[in-house]
Amino acid sequence: MAAAGAADAQARFGHSVKGLLTEKVTSCGTDVIALTKQVLKGSRSAELLGQAAKNMVTQEDAILHSEDSLRKMAIITTHLQYHVEQSSNLQDQLSHLLK
């Protein structure tokens, strides 16, 4: 009878160990899935940051181009004002000569 009790205890211990191992494997599987999700999320975040940096560079180039265009327009405006003044002076001279 003692042998049967020992065998029974051994069987229960074996089932208990199998149950614990099953729980541990399930827990590790869940942890691996969570870790994989975090890695993918981090990868996506890095991808989005890279895209944002590219967009920022594009915007900066557009701003620099616009600044250059505004500078050129200011020069053209100055030239046009000069020509308008010259035309006005010439018109005054003509009217003075015609009198």
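Each value, and the rule that gives it
Residues numbered from 1 in each chain as written. Predicted model: local features only at pLDDT ≥ 70, side-chain atom pairs only at ≥ 80, totals over all residues. Heavy atoms only, no water. UniProt positions renumbered as here; feature names shortened; annotations may be inferred. Helix = DSSP H or I, 4+ residues; strand = E, 2+ residues; numbered from the N terminus. Buried < 20%, exposed > 50% of the residue type's maximum accessible area, 1.4 Å probe, protein only. Areas by Shrake-Rupley, 256 points an atom, 1.4 Å probe, with all protein chains shown as cover. Salt bridge = Lys/Arg side-chain N within 4 Å of Asp/Glu carboxyl O. Patch = residues over 30% accessible without salt bridge, like charges linked within 9 Å, V, L, I, M, F, W, Y side chains within 5 Å.

- As annotated in an unreviewed UniProt entry, the protein carries the name BLOC-1-related complex subunit 7 and is attributed to Melopsittacus undulatus.
- Per UniProt, the protein carries the Sequence similarities (unreviewed entry) text "Belongs to the BORCS7 family."

Remarks on the overall build of the protein
Reasoning step 1: Check the secondary structure of the protein and you find one helix and zero strands.
Reasoning step 2: Buried positions account for 0% of the 99 residues belonging to the protein.
Reasoning step 3: When the accessible surface of the protein is totalled, it reaches about 9,200 Å², and 66% of it is carbon and sulfur.

As for the pattern of salt bridges
Reasoning step 1: Tallied over the full model, the rule gives four salt bridges.
Reasoning step 2: Measuring nitrogen to oxygen at the nearest pair gives 3.5 Å for the salt bridge that ties Glu-67 to Arg-71. Pair noted here: Glu-67 and Arg-71 are both in helix H1 (residues 2-98), with a separation of four residues, about one helical turn.
Reasoning step 3: The salt bridge partner of Lys-72 is Asp-68, with a shortest N-O separation of 3.4 Å. Placement of both Lys-72 and Asp-68 in helix H1 is noted, with a separation of four residues, approximately one turn of the helix.

A short note on a nonpolar patch on the surface
Reasoning step 1: Residues Leu-94, Leu-97 and Leu-98 make up a contiguous nonpolar surface patch of about 390 Å² in total accessible area.
Reasoning step 2: Position of Leu-97 among the secondary structure elements: in helix H1.

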